[in-house]
Amino acid sequence: MSDPVRELYSEHRYPALSHAEAHPAALCASARCAGVVSPALPESCRLLEIGCASGHHLLPLAATYPDSQFVGIDFSDTAIRTAKRIAAEVGLKNVTFEHADLREWDPGEEKFDYVIAHGMLSWVPDPAKEALLDLIAKSLTPDGIACLSYNTLPGWSLRQEAAAMVKALPALVPDGDLDALLKKLASTTSLSPTPHARDLAAIFEDMRRKGPEILRFDELAPINDPLHFSQVINWAGQKKLRYLSESSLPENLPPDLAPETLTHIQSIANDPVLLQQTLDMLSGRTHRSSIFCLADCNIDLATTASVVLHFSARLLEPSLPREAITGELVEIFHASLTAASPSVRSVRDIMEECAKRLGNRWDPARASKEIAGWIYQAARLGWVELRADETPIEPVPPERPTLSPLNQSFARAGLPLVDAFHQSCHFPNEHQAVVAALDGSRSRAELESFAKEVAPELHFEPWLVHLSSRGLFPKNQT
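Read on for a plain summary of the structure. (Residues numbered from 1 in each chain as written. Predicted model: local features only at pLDDT ≥ 70, side-chain atom pairs only at ≥ 80, totals over all residues. Heavy atoms only, no water.)

1. Side note on helix H8 (residues 195-210)
Link 1 in the chain: The terminal C-alpha atoms of H8 lie 23 Å apart, and with 16 residues this matches the ideal 22 Å at 1.5 Å per residue to within 8%.
Link 2 in the chain: Inspection of H8 places Ala-197, Leu-200, Ala-201, Ile-203, Phe-204 and Met-207 among the buried residues, and these make up the whole buried set. Axial view of H8: buried residues confined to an arc of 155°, hence all on one face. Across H8 from its buried face, at more than 90 degrees, point the exposed residues Pro-195, Arg-198 and Arg-209.
Link 3 in the chain: The elements touched by buried residues of H8 are helix H6 (157-168), helix H7 (178-189) and helix H9 (212-215).
Link 4 in the chain: Downstream of H8 by a residue or two, Gly-211 has a phi angle that is positive, lying close to 85°. (Helix = DSSP H or I, 4+ residues; strand = E, 2+ residues; numbered from the N terminus. Expected span 1.5 Å × (residues − 1). Buried < 20%, exposed > 50% of the residue type's maximum accessible area, 1.4 Å probe, protein only. Arc of directions from axis to C-beta. Contact = heavy atoms within 4.5 Å.)

If you want it as structure tokens, here you go:
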């Protein structure tokens, strides 16, 4: 990679982040819905992460799936040493971390069911972009899935210019304080009532929310190449990689667009690349997390909504409009899904509950078709998440709240926790001591007393319930 990029990663540690959209349970479901006949299940797979940093994405996966194998590579030896140390500390034997340049690393003869490259394609020079796609293509199994994220055009264009302004104008504030500069730029821009000014002010505010730790690796990175979707698809095609969909089903229709948008551009639906590029133009989408397979992967072009019956689901949107829940079957299914929340439960198990409730009025063929159709649309609209495994959650905190060994390690190091859905949990510095105390050595009453001493502003009981609802305490605790 270029010297500026190497210098950035040698001088600063990449933020510890997990990426829910790149979880194999989510990738498996999205790939199957896109027509891949037999994507590997997460509990028995091989997964490679290119650019794994200190392993914050990979380590929780290894802890969750002890019978799968995980490999992470990164050219930051400091990050790799950290990842190895944590893996050894918590006794993870199924994950390997290697200090390597992606242009030189050999994946060997044994291929991978999943290859993840989050935050790479837009942030490396062109020779490394080509090497990345080459490595993905030669690492995948015949039914393997690759997840590749990148910033997109034209949506990123204004943000790109905003970043250039930030780099050029540090003298506007004392000592070049980045947050002060972003605040000044946001307030100055918002003085104008024009749509352009509003958009620009919103970008500066969003950059403030990200903070300098992330900005130096994103908007303010030495290389940040936003790409047209069509360009990425062309490059991937040259490496015999086939685009499937976005890693998260709702992202196939950008959330800023109404579902009815598709009816207005139906005439270009037979050209999926043009369709997706048009959607990017209409929505101003700035980022994609796309999944690919090999060009000769076994694809079922006749895949129907019934595929969702093989997966598990959890409710993401607790308050759906009344018109979204139509018919007795859907009402009963939705009620069961709501009762299970926040857990992820097998669709078939929920359907069995529905069958018991309806008794002799249950018609398996009609019910399967109706419920599958509703789930598929609900997943596309972001009301329901589909996953390839179940995740039981106990929303009531246990008497002696205990984080997993891995999250205890993260807490001791002041790093974000990773919840049951692979989302990062960040805490203010003043709460960190309370987080680190969730090691099973204190009862809830003792923890509350401790929290009053070290973080008196923390509303302890609601906070603890929130952590429990995110699956941060193993369900077998009492």
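Don't stop here, the text continues.
2. Some words on the pattern of salt bridges
Link 1 in the chain: Applying the stated criterion across every chain, the model contains 29 salt bridges.
Link 2 in the chain: Across the pair Glu-89 and Arg-412 runs a salt bridge, and its minimum N-O distance is 2.6 Å. Here Glu-89 is found in helix H4 (residues 77-89), whereas its partner Arg-412 is found in helix H16 (residues 405-412), with 323 residues between them in sequence.
Link 3 in the chain: Note on Glu-89: relative accessible area 39%, which makes it partly exposed. (Salt bridge = Lys/Arg side-chain N within 4 Å of Asp/Glu carboxyl O.)

3. Section: the packing of helix H10 (residues 229-238) against helix H12 (residues 272-283)
The relative placement of two packed helices is expressed as an angle between their axes plus a distance between the axes.
Link 1 in the chain: Remark: H10 packs on H12, axes separated minimally by 9 Å, with the N-to-C direction vectors making an angle of 145°. Residues Phe-229, Ser-230 and Ile-233 of H10 touch H12, and the partners they reach there are Pro-272, Val-273, Gln-276, Gln-277 and Asp-280.
Link 2 in the chain: Each residue belonging to the contact of H10 with H12 can be placed in one class, and the counts come to 4 nonpolar, 3 polar and 1 charged. (Axes fitted to C-alpha atoms, helices over the stretch in contact; angles between N-to-C directions. Nonpolar A, V, L, I, M, F, W, Y, C, P; charged D, E, K, R; others polar.)

4. Thoughts on the environment of Arg-444
Link 1 in the chain: Structurally, the position occupied by Arg-444 is in helix H18 (residues 444-454).
Link 2 in the chain: When neighbours within four sequence positions are excluded, Arg-444 is seen to be in contact with Val-396, Pro-397, Pro-398, Glu-399, Pro-401, Phe-460, Glu-461 and Leu-464.

5. Concerning the pairing of strand S3 (residues 95-99)
Link 1 in the chain: Sheet analysis places strand S2 (residues 69-74) next to S3, joined by 5 bridges and oriented parallel. Counted as the bridge partner of Gly-72 is Phe-97 from S3.
Link 2 in the chain: Running through H4, the crossover from S2 to the neighbouring parallel element S3 is right-handed. (Pairing = 2+ DSSP bridges. Right-handed = clockwise from strand over helix to strand, strands pointing away.)

6. Considering the side chain of Ser-76
Link 1 in the chain: Mapped onto the elements of the fold, Ser-76 is located in the loop between S2 and H4.
Link 2 in the chain: Judged by relative accessible area, which is 9%, Ser-76 ranks as buried.
Link 3 in the chain: Reaching out from Ser-76, the side chain makes a polar contact with the backbone nitrogen of Ala-79 at a distance of 3.2 Å.
Link 4 in the chain: Not counting the four nearest positions on each side in its chain, Ser-76 is found in contact with Tyr-9 and His-99. (Polar contact = N/O pair within 3.5 Å; in protein donor to acceptor, adjacent residues only side chain to side chain.)

7. So, the packing of H7 against H8
Link 1 in the chain: At their nearest, the axes of H7 and H8 sit 8 Å apart, and the two run at 160° to each other. In terms of axis orientation, H7 runs roughly antiparallel to H8. Relative to H8, H7 is oriented so that their crossing is left-handed. Residue-level contacts link Asp-179, Leu-182, Lys-183, Leu-185, Ala-186 and Thr-189 of H7 to Ala-197, Leu-200, Ala-201, Phe-204, Glu-205, Met-207 and Arg-208 of H8. (Parallel < 35°, antiparallel > 145°, perpendicular 65-115°, else oblique. Left-handed = near helix turned anticlockwise from the far one by under 90°.)

8. Details of unusual backbone geometry
Link 1 in the chain: The omega torsion of the bond from Leu-153 to Pro-154 falls at 5°, within 30 degrees of zero and hence cis.
Link 2 in the chain: By secondary structure assignment, the location of Pro-154 is in the loop between strand S5 (140-153) and H6.
Link 3 in the chain: Of note, the amide linkage connecting Ser-341 to Pro-342 takes the cis form, showing an omega dihedral of 10°.
Link 4 in the chain: With respect to the helices, strands and loops of the structure, Pro-342 is situated in the loop between helix H13 (328-340) and strand S10 (345-346).
Link 5 in the chain: Although it is not a glycine, Ala-53 sits at a positive phi angle of roughly 55°.
Link 6 in the chain: On the secondary structure map, Ala-53 appears in the loop between strand S1 (46-50) and helix H3 (58-64).
Link 7 in the chain: Exposure remark for Ala-53: the relative accessible area of 12% places this residue in the buried category.
Link 8 in the chain: Despite not being glycine, His-422 has its phi angle at roughly 70°, a positive value.
Link 9 in the chain: Within the secondary structure layout, His-422 lies in the loop between strand S12 (417-418) and strand S13 (424-425).

9. Regarding the sheet that holds strand S9 (residues 312-315)
Link 1 in the chain: Here 3 strands make up an open sheet; going across it, the order is S10-S9-S11 and the pairing antiparallel. Of all strands in the sheet, those with a lone pairing partner are S10 and strand S11 (384-387), marking the two edges.
Link 2 in the chain: In this sheet, S10 lies alongside S9 in antiparallel orientation, the contact comprising 2 bridges. Counted as the bridge partner of Ala-313 is Arg-345 from S10.
Link 3 in the chain: Relative to the sheet, H13 contacts S9, S10 and S11, its axis offset from that of S9 by approximately 80°.

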